[in-house]
Amino acid sequence: MKKTIAFIGIIVLIIVSFIAYLIFNKPEEKEESFEEISVNDVLVDEVFKSVDAGSNYDFQDETYKKGTFSNQYILGLAISRYYLDNPTTKDVNESIIDAYVKKIFGKITYAHESGYFLTSSLCKFTYDKGMHSYKINTECNHNDSTNILKKRTKAYKTATVLYVQEKIIVTEKVKSDDETINLINVYKDINKNDKITTVEEKDIKIDDYLEEAETYEYKFEFDGESFVFKEIKKINA
């Protein structure tokens, strides 16, 4: 009996010693150090081909305001990138769009539907549920009264995470009080609450307003195949 108790005691001591060894000799987790890269780096250019929602305000303001991706936004980016890669094809099977969604966003929940997404190359997509396919329409009247102007300002990465910062301003076409002069309101914020200036209608350059402009940061994560779009949020910079 004493031998059995002694044996059990030895086993317990060995187990406790092993656990203590694991706790106190746990290898230190090394934090990945970030490397700053050019905003025109090949990697940055490639991911931004897929997340460029153009300049029209109406189709992306909620993404900037809330940091969330609507169903229309998800489909719009995927179909826009598909059309960029295949500019002569305006009919596409939903399975191909699924592949583009996965490439851009990774694993994300969405549903197939018709919608609008206004960029320089796309304005409307119609979903045929019976055929499981989309028809791309590029011939729409673009309403460019309110636009978002953007400029990438900083990019940094590790092997698994990529961050890209951009400055934005919002421009809105309006009339003078007597409605005789075309004007443009320039705002520093996505909600159009903080106006920088009002000027007579002309080409607005974001470089003239970079100090006042809000800064947003995109986050991309490497999923084993490519860097996928995970988040966009306003930051203080």
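Structure's up top.
As a starting point, this report considers the structure included with it. Values in this document were obtained by computation on a predicted structure and should not be read as measured data.

Section: the overall build of the chain
At step 1: Assigned secondary structure in the chain consists of 5 helices and 11 strands.
At step 2: The buried share of the chain, taken over its 237 residues, is 38%.
At step 3: Once local pairs closer than 6 in sequence are excluded, the contacts in the chain between residues at least 24 apart make up 58%.
At step 4: Split by element, the accessible area of the chain, about 14500 Å² in all, is 51% carbon and sulfur.

Considering empty space enclosed by the protein
At step 1: Tallied over the full model, the rule gives 1 cavity of 30 Å³ or more.
At step 2: There is about 30 Å³ of room inside the largest cavity.
At step 3: Across the lining of the largest cavity, the residue classes break down as 6 nonpolar, 2 polar and 1 charged.

Section: the packing of helix α4 (residues 71–85) against helix α5 (residues 94–105)
At step 1: With their axes 9 Å apart at the nearest point, α4 and α5 run at an angle of 105° to one another. By the angle class used here, α4 and α5 are roughly perpendicular. Touching Tyr73, Ile74, Leu75, Leu77, Ala78, Ile79, Arg81, Tyr82 and Asp85 of α4 are Ile96, Ile97, Tyr100, Val101, Lys103, Ile104 and Phe105, all from α5.
At step 2: Taken together, the residues of the contact of α4 with α5 break down into 13 nonpolar, no polar and 3 charged.

Considerations on the sheet that holds strand β4 (residues 124–128)
At step 1: What the 4 strands build is an open sheet, ordered β2-β5-β4-β3; its pairing is antiparallel. Across the chains shown, the open sheet's two edge strands, defined by having one partner strand only, are β2 (91–93) and β3 (115–116).
At step 2: Alignment of β4 against strand β5 (residues 133–137), held across 5 bridges, turns out to be antiparallel. Paired with Phe125 across the bridge in β5 is Ile136.
At step 3: Helix-sheet contacts for α4 involve β2, β3, β4 and β5, and the interaxial angle to β5 is about 75°.
At step 4: Packed on one face of the sheet, α5 meets β2, β4 and β5 and runs near 75° to β2.

Thoughts on the layout of surface pockets
At step 1: Reported here for the largest pocket is a volume of approximately 180 Å³.
At step 2: Lining the largest pocket, in full, are Asp144, Ser145, Asn147, Leu149, Thr171, Glu172, Lys173, Ile184, Glu201, Lys202, Asp203 and Ile204.
At step 3: When contributions to the lining of the largest pocket are tallied by element, the ones reaching two or more residues are β6 (146–157) and β7 (161–175).
At step 4: With 3 residues, the top contributor of residues to the lining of the largest pocket is β7.
At step 5: Tallied by class, the residues present in the lining of the largest pocket amount to 3 nonpolar, 3 polar and 6 charged.

A closer look at the packing of aromatic side chains
At step 1: In this structure the tally under the stated criterion is 19 aromatic pairs.
At step 2: For the ring pair Phe222 and Phe227, a centre distance of 5.3 Å and an interplane angle of 55° mean the geometry is tilted.
At step 3: By relative accessible area, which is 38% here, Phe222 ends up partly exposed.
At step 4: A residue is classified by how much of its surface remains accessible, and Phe227, at 13% relative accessible area, is buried.
At step 5: Ring pairs connect the aromatic residues Phe48, Phe59, Phe69, Tyr73, Phe105, Phe117, Tyr218, Phe220 and Phe229, which therefore count as one cluster.
At step 6: The ring of Tyr156 has Lys154 sitting right over it, with the charged end atom 5.3 Å from the ring centre.
At step 7: Directly above the ring of Tyr57 sits Lys192, whose terminal nitrogen or CZ lies 4.9 Å from the centroid.

Definitions and limits used
Residues numbered from 1 in each chain as written. Predicted model: local features only at pLDDT ≥ 70, side-chain atom pairs only at ≥ 80, totals over all residues. Heavy atoms only, no water. Helix = DSSP H or I, 4+ residues; strand = E, 2+ residues; numbered from the N terminus. Buried < 20%, exposed > 50% of the residue type's maximum accessible area, 1.4 Å probe, protein only. Contact = heavy atoms within 4.5 Å. Areas by Shrake-Rupley, 256 points an atom, 1.4 Å probe, with all protein chains shown as cover. 1 Å grid on protein atoms, 1.4 Å probe; cavity = no way out; pocket = protein on both sides within 12 Å on 5 of 7 lines; lining within 4 Å. Points joined across faces, edges and corners; volume = space filled by probe spheres on them. Nonpolar A, V, L, I, M, F, W, Y, C, P; charged D, E, K, R; others polar. Axes fitted to C-alpha atoms, helices over the stretch in contact; angles between N-to-C directions. Parallel < 35°, antiparallel > 145°, perpendicular 65-115°, else oblique. Pairing = 2+ DSSP bridges. Phe/Tyr/Trp six-rings, centres within 6.5 Å; stacked < 30°, edge-to-face > 60°. Lys NZ or Arg CZ within 6 Å of the ring centre and 35° of its normal.

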